[in-house]
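A look at the structure
This is what each chain is made of:
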Amino acid sequence: MNSRFVLALVLSWAALLPGLVSADTVWLDDLNLAAATQGYGEPKKNLSVSDQPLAIGGKKFERGFGTHADGLLKINLDGAAQKFSVSVGVDDDVKGNAEASIEFIVVGDGKQLWRSGTMRAGDAAKVCEVDLSGVKLLKLQVTDAGDGMSWDHADWADAKFETAGGKISATGGEEKPAPVAPYILTPAAPATPRINGANVFGVRPGSPFLFTIPATGERPMKFSAKNLPSGLKLDAKTGRITGALKTKGEFTVTLRAKNSLGTAEKKFRIVCGDQIALTPPMGWNSWNCFAGAVSADRVKRAANALVKSGLVNHGWTYINVDDFWENHRNSKDKTLQGPFRDTNGFIVPNVRFPDMKGLADYVHGLGLKIGLYSSPGPWTCGGCAASWQHEQQDAQTYAKWGFDYLKYDWCSYGEVASGGNPDAKDIPLWGKTATNDAGAIYPYTVMGKFLREQKRDIVFSLCQYGMADVWKWGGSVNGNCWRTTGDIVDTWKSMSGIGFRQDKAAPFAKPGNWNDPDMLIVGEVGWGRTHPTRLTTDEQYTHISLWCLLASPLLIGCDMEKFDDFTLNLLSNDEVLAVDQDELGREATCVITAGDVRIYERPLADGSQAVGFFNLGAKPVELQFGEFAKLGLVGKQTVRDLWRQKNVATVDVAKDALPLTIPGHGVVLYKFTTAK
Ligand code: GAL
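All values derive from a computational prediction rather than experimental measurement.

Some words on the overall build of the protein
Within the protein, the secondary structure is distributed over 12 helices and 41 strands. The C-alpha extent of the protein, read off along each of the three principal axes, is 110 × 70 × 40 Å. Going through the 676 residues of the protein one by one, you find that 57% of them count as buried. For the protein, contacts bridging at least 24 residues in sequence account for 72% of all contacts bridging at least 6. Accessible area of the protein: about 27,400 Å², with a carbon and sulfur share of 52%. Averaging the locations of the 73 positively and 75 negatively charged side chains of the protein gives two centres separated by 5 Å.

Looking at the pairing of strand 39 (residues 646-652)
By the bridge criterion, 6 bridges tie strand 38 (residues 636-641) to strand 39 in an arrangement that is antiparallel. When the sheet's bridge partners are listed, Gln-637 is paired in strand 39 with Val-651. From the end of strand 38 to the start of strand 39, which pair antiparallel, there are 4 residues, and Gln-645 there has a positive phi angle of about 55°.

Considerations on the domain arrangement of the protein
Assigned domains of the protein: these are domain 1 (23-171), domain 2 (194-272), domain 3 (282-586) and domain 4 (590-674). Between the C-alpha centres of domain 1 and domain 3 there is a distance of 34 Å. Across the contact, 11 residues belong to domain 1 and 10 residues belong to domain 3. Together domain 1 and domain 3 conceal approximately 880 Å² of surface at their shared face, both sides included; 51% is due to carbon and sulfur atoms.

Here we look at the packing of aromatic side chains
Under the counting rule described, the total for this entry stands at 28 aromatic pairs. Aromatic pair Phe-340 and Trp-379: ring centres 5.1 Å apart, planes at 80°, arrangement edge-to-face. One end of the pair, Phe-340, is in the loop between strand 25 (318-320) and helix 4 (356-365); the other, Trp-379, is in the loop between strand 26 (369-374) and helix 5 (391-401), with 39 residues separating them in the sequence. Overall, Trp-379 belongs to the buried group, its relative accessible area being 18%. Ring centres of Trp-401 and Phe-403 lie 6.2 Å apart, and the angle between their planes is 65°; on these two criteria the pair is classed as edge-to-face. For the residue pair Trp-401 and Phe-403, the accessibility class agrees, reading buried in each case.

Some points on the nonpolar core
Core analysis: the biggest nonpolar cluster contains 103 residues, and Trp-316, Trp-325, Ile-556 and Leu-571 have the highest contact counts within it. Two domains share this core, each providing at least three of its residues, namely domain 3 (282-586) and domain 4 (590-674). Those residues in contact with Trp-325, other than ones at most four positions away along the chain, are Ile-347, Pro-349, Asn-350, Phe-353, Met-356, Leu-372, Tyr-373, Tyr-398 and Trp-401. Grouped together as the second largest cluster of nonpolar side chains are 35 residues, Leu-33, Val-86, Ile-102 and Cys-128 included.

Observations concerning the state of the cysteines
For the structure on display, the rule yields 1 disulfide. Note on Cys-289: no disulfide assigned, nearest cysteine sulfur contributed by Cys-558 at a separation of 6.7 Å. With relative accessibility at 0%, the residue Cys-289 sits in the buried group. For Cys-558, a relative accessible area of 0% translates into the label buried.

Description of the sheet that holds strand 30 (residues 514-516)
Across the sheet, which stays open at both edges, the 8 strands sit in the order 30-29-28-27-26-25-24-33 with parallel pairing between neighbours. Of all strands in the sheet, those with a lone pairing partner are strand 30 and strand 33 (554-556), marking the two edges. Between one strand and the next, the sheet's axes are offset by a mean angle of 25°, whatever the strand orientation. With 4 bridges joining them, strand 27 (residues 405-408) and strand 28 (residues 459-462) adopt parallel strand pairing.

So, the confidence of the model for the protein
In this model, the protein carries a mean pLDDT of 93, and residues with pLDDT of at least 70 account for 94%. Here residues 1-22 is modelled with pLDDT under 50, and outside its nearest four sequence neighbours on either side it reaches 4 contacts, counting other chains as well.

A few points about the packing of helix 9 (residues 492-499) against helix 10 (residues 537-549)
Where helix 9 contacts helix 10, the axes come no closer than 11 Å and their chain directions differ by 25°. Classed by the angle they form, the pair helix 9 and helix 10 counts as roughly parallel. Once helix 9 is placed against helix 10, the crossing between them reads as left-handed. Taken together, the residues of helix 10 that come into contact with helix 9 (itself represented by Trp-492, Met-495, Ile-498 and Gly-499) are Glu-539, Thr-542, His-543, Leu-546 and Trp-547.

Regarding unusual backbone geometry
Put simply, Ala-69 and Asp-70 share a cis peptide bond, and its omega is -20°. You can see Asp-70 is positioned in the loop between strand 5 (64-68) and strand 6 (71-76). Following Arg-219, the chain continues to Pro-220 via a peptide bond in cis, the omega torsion being 0°. Note on placement: Pro-220 falls in the loop between strand 18 (215-216) and strand 19 (222-226).

A look at the site of the ligand
Taken together, the neighbourhood of the ligand is formed by 14 residues, with Asp-322, Asp-323, Lys-407, Tyr-465 and Asp-487 sitting nearest. Take Asp-487: an N or O atom from its side chain is 2.4 Å from an oxygen atom of the ligand. The class makeup of the residues in the shell around the ligand is 6 nonpolar, 1 polar and 7 charged.

So, empty space enclosed by the protein
Space left empty within the atom packing is revealed by a probe, the size of a water molecule, rolled over the atoms. Applying the stated criterion across every chain yields a total of 2 cavities of 30 Å³ or more. Taken as a whole, the largest cavity spans an internal volume of roughly 90 Å³. Around the largest cavity sit Arg-204, Ile-276, Gly-448, Leu-451, Arg-452, Arg-456, Asp-457, Ile-458, Phe-460, Asn-478 and Asn-480, which together line it. The greatest single-element share of the lining of the largest cavity, amounting to 3 residues, is contributed by helix 7 (residues 437-453). Taken together, the residues of the lining of the largest cavity sort by class into 4 nonpolar, 3 polar and 4 charged. In this model, the second largest cavity occupies a volume close to 40 Å³. Lining the second largest cavity are Tyr-405, Lys-407, Ser-461, Arg-483, Asp-516, Asp-518, Met-519 and Leu-555. For the lining of the second largest cavity, the residue count by class is 3 nonpolar, 1 polar and 4 charged.

Some words on the pattern of salt bridges
Across all of its chains, the model carries 35 salt bridges by this definition. The partner of Arg-501 in a salt bridge is Asp-144, with the nearest N and O atoms 2.9 Å apart. Of this pair, Arg-501 sits in the loop between helix 9 and strand 30 while Asp-144 sits in the loop between strand 12 (137-143) and strand 13 (153-163), and the two are 357 residues apart along the sequence. Asp-144 sits in the buried class, given a relative accessible area of 3%. A salt bridge links Asp-322 to Lys-407, with the nearest nitrogen and oxygen atoms 2.7 Å apart. Here Asp-322, found in the loop between strand 25 and helix 4, pairs with Lys-407, found in strand 27; they are 85 residues apart in sequence, far enough to count as distant.

Reading the values: rules and limits
- Residues numbered from 1 in each chain as written.
- Predicted model: local features only at pLDDT ≥ 70, side-chain atom pairs only at ≥ 80, totals over all residues.
- Heavy atoms only, no water.
- Helix = DSSP H or I, 4+ residues; strand = E, 2+ residues; numbered from the N terminus.
- Buried < 20%, exposed > 50% of the residue type's maximum accessible area, 1.4 Å probe, protein only.
- Contact = heavy atoms within 4.5 Å.
- Areas by Shrake-Rupley, 256 points an atom, 1.4 Å probe, with all protein chains shown as cover.
- Lys, Arg positive; Asp, Glu negative; His and termini not counted.
- Charge placed at Lys NZ, Arg CZ, Asp CG, Glu CD.
- Pairing = 2+ DSSP bridges.
- Domains from an automatic or database assignment.
- Buried area = accessible area lost by both parts, 1.4 Å probe.
- Phe/Tyr/Trp six-rings, centres within 6.5 Å; stacked < 30°, edge-to-face > 60°.
- Core = buried A, V, L, I, M, F, W, Y, C linked by side-chain atoms within 4.5 Å.
- Disulfide = S-S within 2.5 Å.
- Axes fitted to C-alpha atoms, helices over the stretch in contact; angles between N-to-C directions.
- pLDDT = per-residue confidence, 0-100.
- Parallel < 35°, antiparallel > 145°, perpendicular 65-115°, else oblique.
- Left-handed = near helix turned anticlockwise from the far one by under 90°.
- Near = heavy atom within 4 Å.
- Polar contact = N/O pair within 3.5 Å; in protein donor to acceptor, adjacent residues only side chain to side chain.
- Nonpolar A, V, L, I, M, F, W, Y, C, P; charged D, E, K, R; others polar.
- 1 Å grid on protein atoms, 1.4 Å probe; cavity = no way out; pocket = protein on both sides within 12 Å on 5 of 7 lines; lining within 4 Å.
- Points joined across faces, edges and corners; volume = space filled by probe spheres on them.
- Salt bridge = Lys/Arg side-chain N within 4 Å of Asp/Glu carboxyl O.

Rendered as structure tokens:
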């Protein structure tokens with residue numbers, strides 16, 4: 001037999017008995033990984049999501065797919081593959097970060113074939129081998145293991161298919177809603193005066209008072225106030241109330257705004273007592289757009305933009321400087337080099353912030369307030385000088401400069417915790433998670449006390465990602481708001497993953513104490529290099545509606561010099577913002593889950609209910625809503641569409657149904673008021 005004949009014979013047997021021949025290998029990293037969707041960063045071939053060589057639990061891998069929770073890659077096998085094998089785990093590039101936790105799931109034609117269980121930083125890779133005979137569609141999923149997606153760097157290492165020919169191709173990731181051009185729902189504010197914003201304002205006795213009456217309508221406008229308590233004065237032209245109240249008490253004032261077209265009045269409660277931030281703080285923070293490139297000049301420009309855009313007339317107040325106003329421990333950037341503290345131990349800002357007091361005065365001069373950032377460890381999350389062992393001096397300095405808000409992080413505290421904190425022995429080095437509750441609480445008790453001692457109202461915002469159930473004790477350390485999650489990014493996965501998982505903290509929200517699901521990601525965002533938010537039009541309506549229902553602090557994260565009309569429409573709807581600022585201070589929870597639909601309800605001070613009908617699916621949902629009893633609604637209800645600011649129906653809850661169309665990843669936001 002000549003050799004050609006032998007080969008032909010083998011090939012023909014092979015065609016008949018595919019299982020007997022040695023299979024072809026198709027590497028996962030040779031497929032189009034860009035088809036994958038993930039909660040952060042871009043899909044990476046043979047590298048981790050942050051561009052490091054793949055490594056799990058100390059073991060290096062040459063090939064594989066570096067991704068991030070929540071992630072999905074769909075692969076068309078068409079029955080061509082026989083076996084899939086892979087080593088999975090958290091990439092070592094997270095450097096032991098305790099917040100990293102991931103689960104890997106392999107699904108074939110809708111059936112779960114394998115799951116890893118929760119994997120953490122440093123865990124050895126788990127090997128998965130699954131039989132794919134007959135499977136047409138394979139899904140490789142990475143979840144955040146239920147605790148948010150911070151640091152969830154996931155590796156599918158050494159991932160390969162064995163096939164007997166046929167084509168294997170990556171076809172996509174998470175289904176996305178069809179693109180919808182931005183559409184504006186917020187009606188333009190009338191030219192006649194209208195007083196917007198919160199109905200209540202808290203101040204401590206003796207603290208400098210600053211409140212700018214937020215009012216829309218044609219300028220010039222003349223402001224006045226009836227029953228303003230003594231110690232306070234109102235500037236008729238700017239609408240700014242300043243001064244100080246000597247003693248505790250509650251005062252109901254009538255605010256009035258008048259222009260050539262008419263007059264508006266509103267009752268406004270001033271509560272002088274122990275508690276501030278009686279409604280969630282509203283403003284801007286530098287991090288989500290400028291990150292490490294913040295400067296005093298940019299902060300001033302942001303303050304100007306808040307005024308020029310008109311947002312100041314809707315209650316937006318705080319201009320908050322995040323990390324990088326301090327000098328850095330080892331940056332090559334000259335503007336971040338310099339002494340951390342002066343010879344007496346007082347913090348020294350970097351050269352980008354030559355005059356902190358001047359900056360605060362500038363922002364106050366616009367009728368706004370100003371905030372700052374620090375950390376309880378020696379270094380901030382960005383590696384700049386922080387407050388460790390200088391807490392009292394720092395609180396004094398912030399007050400002396402005239403700051404009104406402090407965001408206080410966690411980073412690097414674990415490194416030093418045991419020096420001075422008797423409860424800290426279980427706190428891991430540089431980790432973000434404290435395993436010991438008392439240890440997690442301690443640094444906030446310290447700073448909370450020193451802030452309180454200042455003769456200034458400084459909103460205290462805890463940024464420790466929800467550790468030790470912060471919502472249960474944040475108020476007891478003088479915290480006014482506290483992050484309940486890791487950092488948000490401008491993806492649906494991130495925003496919805498955070499926003500729709502707030503129920504357990506919700507019962508703890510109340511005037512002066514707010515859960516904070518992180519800052520807003522609408523507009524031009526990007527942590528140093530900005531781009532238009534990657535959220536779709538409807539996802540942005542969902543984001544703002546949900547954050548308002550959640551009574552969340554509202555901190556704009558975008559470059560405010562680049563506002564477009566759509567973003568302004570999202571941030572200037574007074575009826576939607578009124579839900580956030582409602583003085584009852586109750587946070588919405590999810591009362592109905594049906595398929596992709598989530599219905600959130602928030603009771604409001606006037607006895608009405610704000611209700612968000614959300615659709616987590618990519619396709620629009622149409623439904624006839626009749627479950628009013630679950631919302632606690634009785635009798636006849638007037639239904640108001642808050643985004644459109646108009647009544648859309650009156651329903652008799654005993655017999656009517658309300659027709660709803662909810663866009664993919666979108667929302668319908670209604671208010672139900674008992675009809676007269
Ligand atoms: C993170 C925090 C961010 C930002 C950053 C600054 O830990 O969650 O919002 O403040 O630190 O380095």
